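Listed below are the residues making up each chain.
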2 protein chains.
Amino acid sequence: MNQSQLFGGTLREAPKDEVSTNAILLTRAGFIHKLMAGAYQYLPLGVRVLRKIEDIIREEMDAVGAQEILMPALHPKENWEKTGRFHGFDALFKVVSHFDSEFALAPTHEESVVPLAGRSSLSYKDLPFGLYQLQTKFRDEPRAKSGLLRGREFRMKDLYSFHADEVSLDEYYEKIAASYARIFKRCGLDALRVKASGGTFSKFSDEFQTVTDAGEDIIFIPEEGDALNRELVPESLHESESKTTVEHDGKKWRVERAAEVGNIFKLMSKYSKPFGLTYTAEDGSQKDVLMGCYGIGSSRIMGTIVEVSHDKNGIIWPEAVAPFKYHIIPVASKDNSKMNEITKLASQLHEEAESHGGALLDDRADISVGEKFADADLIGLPIRVVISEKTLDKGGVEVKSRNSQETEIVASRDIFK
Amino acid sequence: MNQSQLFGGTLREAPKDEVSTNAILLTRAGFIHKLMAGAYQYLPLGVRVLRKIEDIIREEMDAVGAQEILMPALHPKENWEKTGRFHGFDALFKVVSHFDSEFALAPTHEESVVPLAGRSSLSYKDLPFGLYQLQTKFRDEPRAKSGLLRGREFRMKDLYSFHADEVSLDEYYEKIAASYARIFKRCGLDALRVKASGGTFSKFSDEFQTVTDAGEDIIFIPEEGDALNRELVPESLHESESKTTVEHDGKKWRVERAAEVGNIFKLMSKYSKPFGLTYTAEDGSQKDVLMGCYGIGSSRIMGTIVEVSHDKNGIIWPEAVAPFKYHIIPVASKDNSKMNEITKLASQLHEEAESHGGALLDDRADISVGEKFADADLIGLPIRVVISEKTLDKGGVEVKSRNSQETEIVASRDIFK
């Protein structure tokens, strides 16, 4: 991609109405733009990151045999009344129609996927199965000041699994926990599995939490064993500051602030019951289908990566989710023949990079090399490649990792080796 | 994909509450499921078709240099008040929040993309550019009985272009018209370019219409020259039945019912003005940016394909958008060694097909070969491959095109050649 053509240049000033690091850096670097609190537009660079994250999630979901579906955001009121959530779910947006009753604008899809699963009658032979989607969710958030970490509209992968018995549910649950660990790792994110309360239907749930001051959760991490969400430790410890250490249950715990990037729940029959979702057991009887649900916020992953992977100059993208791997920066020369050589090599490397992670070519005229370097740091592509008279004299191009200060001269033919 | 594992088997009965051919066939064949009128769930087969259509659109948009973005569905009320559409747009859904004013749930994105385009000041050097998204739209439809042809929630590609002058807009408009023609052709759809009224801002717009009795439009097709939407012919002709011929303007016109699968508009400064979207001209003055907008309904394309490409037994997918190219059907044999040979070959072809358009392998036990054939016709994959004792005796497998009655025996090693 030629940077001169890219929609969404960098901005010198931090947006006035943003307080979170992820929103400030992503906005300045040209990845997102705020339409209103909690609702962001993704610019071309942002779409590329989001798509890479979602492709990783899709690959890992397909790898465990879950099947991709796509469900509407607009849900009939009746389905949410059936589960008691039309009035019982605070963050539920309601949609007004001229022609019909109200609709729910879905923050989660149990009310949609359960009737879908019961589309035709189920036998024990059909179970277990898992259905997932990569889709847009809506939540009526009172505070939406954390950029991509808490949106009124956000991207999410939600998976629902259907089982004949608890053994099958437990096994699937652990399989997805392992899949989630792989997803976060591939996205370059450290995410801890943390025990949390299970709601009304199950004793525990599990969260995946990334330690960052930008997070809204407080987690307790023991020297050994399961980390716990604050809600599972005694109330006397609730007010512990993050970055401290406490004693509890005979162990020492680090207290950390963290952002929840995924969660998994055993729903048991909580949502199958209201919709009468049953299956025919081997003995011919009808039994309630048991369910699990598993969520990952893909847009929240994008925001969390920026929170944990940046420096004072800008974003540092992990390679797997970077919009491009290389940032190619030709430096202008007054010598016409040198300039031709530089331009030609830049364009050749740009093209070759297509099959090696892609490149953004800073072909902008009338921009100083200092500004180009500052923009490259802000945008945060993994590898910067500078081509100048000086580097050519030294026999190649100058290569620098975004997360290192060291540069080296590499022969241009060796860059993609 | 193993058919025994596929979520969403075929249904024997037509859904009681559907009247449109596309909804009936897509529901019975396991591509979609109705959540409520105008809002459909896409099952795994349906997601595959939708994704293939959207990938074709994306490729063609990228090919003309348009840049992909992603905008929220939730829009601030103020933006729609600025353009007079918060109360002026009948089909606009409104969203109620506990914490804030109402929001608009976007059926179109001028109110979002114009402020985005003005994110930083524009110069004549930045123009023209085009921004598109593949996204979910919402419309408060009084009648939503046409399956995927008219949804309250539907998938759409919308592109917006930004220009310094009309010459640039006209040129871009024709470039997109040509791109649309390629998109429909690649999707296996005949779509006519039809002149229609331009709304308040431009004399004409252009629609892309596919002739089908399921359509809601009436178009007039001359022997030579531009086809016209009914709204551009004299009122006395408005009541003409489809499938008739009329005289008008010294020409003979076929009157046909048609479904609009795309439309393109010159918006001029209609939406740039209310948001003050200007650019700095070469002479330093500020001028209004001119705009075009270009829409294609990807879910509507899916429905329209089914309307025009089916027979009494089911859907006939064009290869480019079929969920899989091959339907492999092994036929059970009582001879164990033959059965092993059949199963082994089926699984081998299934695997090889991965790099040749993919295959659905009908590995279901306890289903008669007659039922398997009926399901294959209903689902409508382009090529059926039957493996049985008989075909092996004849030296291969039996291959049949979905849109032909003829079968031929092909050596299994030659199938993918």
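Undergrad: Looking at this structure, how should I read the overall build of chain A?
TA: Counting its secondary structure elements, chain A contains nine helices and 25 strands. For chain A, the spread of C-alpha atoms along the three principal axes comes to 85 × 55 × 45 Å. In chain A, which comprises 417 residues, the proportion classed as buried is 48%. A sequence separation of at least 24 residues applies to 68% of the contacts in chain A between residues at least 6 apart.

Undergrad: Would you take a moment to explain helix H1 (residues 21-28) of chain A for this structure?
TA: Helical periodicity: at 3.6 residues per turn, an α-helix aligns residues three or four positions apart in one direction. All names here are of chain A. Of all eight residues that make up H1, seven are buried, and the element is covered over most of its length. Along H1, the residues classified as buried are Thr21, Asn22, Ala23, Leu25, Leu26, Thr27 and Arg28. In this structure, the buried side of H1 is in contact with strand S1 (32-36), helix H2 (44-63), helix H6 (298-308), strand S19 (310-311), strand S20 (314-315) and helix H8 (369-379). Phi turns positive one or two residues past the end of H1, at Gly30, with a value near 85 degrees.

Undergrad: How should the relation of the copies chain B and chain A be read in this particular structure?
TA: Copy one and copy two of the chain differ by a rotation about a common axis and a shift along it. Taken as rigid bodies, chain B and chain A are interconverted by a rotation of 180 degrees and an axial shift of 0.0 Å, the fit giving an RMSD of 0.0 Å. What the superposition gives is, in effect, a two-fold axis relating one chain to the other. Minimal C-alpha separation from the rotation axis in chain B is found for B:Val95, amounting to 2.3 Å. Of the interface residues in chain B, 100% have counterparts in chain A that sit at the interface too, so the contact is made through matching surfaces.

Undergrad: Even after reading the chapter, I still don't get the sheet that holds strand S4 (residues 74-76) of chain B, so can you show me in this structure?
TA: In a beta sheet, neighbouring strands pair by backbone hydrogen bonds and run either parallel or antiparallel. Strand order in the open sheet formed by six strands is S4(A)-S6(A)-S5(A)-S5(B)-S6(B)-S4(B), and the pairing between neighbours is antiparallel. Either end of the sheet is taken by a strand with one partner, and the two such strands are strand S4 (74-76) of chain A together with S4 of chain B. Sheet twist, expressed as the average angle between the axes of neighbouring strands with direction ignored, equals 40 degrees. Alignment of strand S5 (residues 93-96) of chain A against strand S6 (residues 103-105) of chain A, held across three bridges, turns out to be antiparallel. For A:Lys94, the partnering residue across the bridge sits in S6(A) and is A:Ala104.

Undergrad: Is there a simple way to think about the pairing of strand S23 (residues 383-387) of chain B in this case?
TA: In summary, the side chains of a regular strand alternate between the two faces of the sheet. Residue and element names in this part refer to chain B. Counting buried positions over the five residues of S23 gives four, a clear majority of the element. Pairing between strand S21 (residues 326-330) and S23: five bridges, direction parallel. Following the sheet pairing, His327 is matched in S23 by Arg384. Where S23 and strand S24 (residues 397-401) come together, four bridges link them in antiparallel fashion. Note that in S24 the partner of Val385 across the bridge is Val399.

Undergrad: What am I meant to see in the domain arrangement of chain A here?
TA: Frequently, the measure chosen for interface size is the accessible area that the parts lose on association. Split by domain assignment, chain A resolves into domain 1 (21-311) and domain 2 (324-414). Using C-alpha coordinates to define each centre, domain 1 of chain A is positioned 40 Å away from domain 2 of chain A.

Undergrad: It is not clear to me how the sheet that holds strand S25 (residues 407-410) of chain B should be interpreted in this structure. Could you clarify?
TA: Residues and elements named next belong to chain B. Spatial strand order, S22-S21-S23-S24-S25: five strands in an open sheet with mixed pairing. What marks the edges here is a single partner per strand, and that holds for strand S22 (359-361) and S25. Strand-to-strand twist of the sheet, defined as the mean angle between neighbouring strand axes without regard to direction, takes the value 25 degrees. Set on the sheet, helix H7 (residues 336-353) makes contact with S21, S22 and S23; between it and S21 the angle comes to about 170 degrees.

Undergrad: Could you clarify how one ought to interpret H2(A) in this entry?
TA: Taking 1.5 Å as the rise per residue, H2(A) with 20 residues should run 28 Å; its terminal C-alpha atoms sit 28 Å apart, in good agreement. Of the residues flanking the end of H2(A), it is A:Gly65, one or two places downstream, whose phi is positive at about 85 degrees.

Undergrad: Teacher, can you tell me more about the interface of chain B and chain A here?
TA: Between chain B and chain A, the residue contacts involve 44 residues of the former and 44 residues of the latter. Where the side of chain B that touches chain A is concerned, the elements lending two or more residues are strand S1 (32-36), strand S2 (39-42), helix H2 (44-63), strand S3 (67-68), S4, strand S5 (93-96), helix H4 (110-117) and strand S8 (129-138) of chain B. Grouping the amino acids of the side of chain B that touches chain A by side-chain chemistry returns 28 nonpolar, ten polar and six charged. Where S5(A) lies against S5(B), three bridges are found, and the strand directions are antiparallel. Bridge assignment links A:Lys94 to a residue of S5(B), and that residue is B:Val96.

Undergrad: Explain the pairing of strand S9 (residues 153-163) of chain B here, please?
TA: Residues and elements named next belong to chain B. For S9, the tally of buried residues reaches eleven of eleven residues, placing the bulk of the element in the interior. Going residue by residue along S9, you find Glu153, Arg155, Lys157, Leu159, Ser161 and His163 tucked away on one face and Phe154, Met156, Asp158, Tyr160 and Phe162 tucked away on the opposite face as well. With seven bridges joining them, S9 and strand S18 (residues 290-296) adopt antiparallel strand pairing. Bridging across to S18, Tyr160 finds its partner in Cys293.

Undergrad: I would appreciate a short explanation of unusual backbone geometry in the present structure.
TA: For residues besides glycine, phi is generally negative; the peptide bonds are generally trans as well. Residues A:Leu127 and A:Pro128 are joined by a peptide bond in cis, for which omega reads -5 degrees. Phi is positive for B:Lys243, close to 70 degrees, though the residue is something other than glycine. Within the secondary structure, B:Lys243 is located in the loop between strand S13 (227-229) and strand S14 (244-248). A tally of 11 C-beta atoms within 10 Å means that B:Lys243 is categorised as exposed.

Undergrad: Could you clarify how one ought to interpret the packing of helix H1 (residues 21-28) of chain B against helix H6 (residues 298-308) of chain B in this entry?
TA: Think of two packed helices as two axes; the pair is described by the angle between the axes and how far apart they sit. Residue and element names in this part refer to chain B. The N-to-C vectors of H1 and H6 enclose an angle of 95 degrees; their axes lie 8 Å apart at closest approach. Accordingly, the angle class assigned to the pair H1 and H6 is roughly perpendicular. Touching Thr21, Asn22, Leu25 and Leu26 of H1 are Gly303, Val306 and Glu307, all from H6. Grouping the amino acids of the contact of H1 with H6 by side-chain chemistry returns three nonpolar, three polar and one charged.

Undergrad: What exactly am I supposed to notice about the confidence of the model for chain A here?
TA: For any part of a model where pLDDT is low, the fine detail of the predicted coordinates should not be relied upon. Summing up the model confidence of chain A, the mean pLDDT is 96 and the portion of residues at 70 or higher is 100%. What the predictor reports for the complex is a pTM of 0.97 with an ipTM of 0.97.

Undergrad: What should I look at first to understand the packing of H2(B) against helix H5 (residues 166-186) of chain B in this one?
TA: Residues and elements named next belong to chain B. Two elements in contact, H2 and H5, have axes whose closest approach is 10 Å; the angle formed by their N-to-C orientations is 155 degrees. Considering the angle they form, H2 stands roughly antiparallel to H5. As H2 packs across H5, the resulting crossing turns out to be right-handed. On the side of H2, the interface is formed by Ile56, Ile57 and Glu60, while H5 contributes Ser179, Arg182, Ile183 and Arg186. In terms of residue class, the contact of H2 with H5 is made up of three nonpolar, one polar and three charged.

Undergrad: Honestly, the nonpolar core in this entry has me stumped. Any pointers?
TA: For soluble globular proteins, the rule of thumb is that nonpolar side chains tend to be buried together. Within the largest apolar cluster, 235 residues are counted, with the highest numbers of intra-cluster contacts made by A:Ile53, A:Leu105, A:Cys187, B:Ile53, B:Leu105 and B:Cys187. If we ignore the near neighbours within four places in the chain, the residues touching A:Leu105 are A:Ala73, A:Leu74, A:Phe93, A:Val95, A:Phe138 and B:Val95.

About the cut-offs
Residues numbered from 1 in each chain as written. Chains lettered and ligands numbered in written order. Predicted model: local features only at pLDDT ≥ 70, side-chain atom pairs only at ≥ 80, totals over all residues. Helix = DSSP H or I, 4+ residues; strand = E, 2+ residues; numbered from the N terminus. Buried ≥ 20, exposed ≤ 12 C-beta atoms within 10 Å, placed from the backbone. Contact = placed C-beta atoms within 7 Å. Least-squares fit on C-alpha atoms with pLDDT ≥ 70 in both. Pairing = 2+ DSSP bridges. Axes fitted to C-alpha atoms, helices over the stretch in contact; angles between N-to-C directions. Domains from an automatic or database assignment. Expected span 1.5 Å × (residues − 1). Nonpolar A, V, L, I, M, F, W, Y, C, P; charged D, E, K, R; others polar. Parallel < 35°, antiparallel > 145°, perpendicular 65-115°, else oblique. pLDDT = per-residue confidence, 0-100. Left-handed = near helix turned anticlockwise from the far one by under 90°. Core = buried A, V, L, I, M, F, W, Y, C linked by C-beta atoms within 7 Å.

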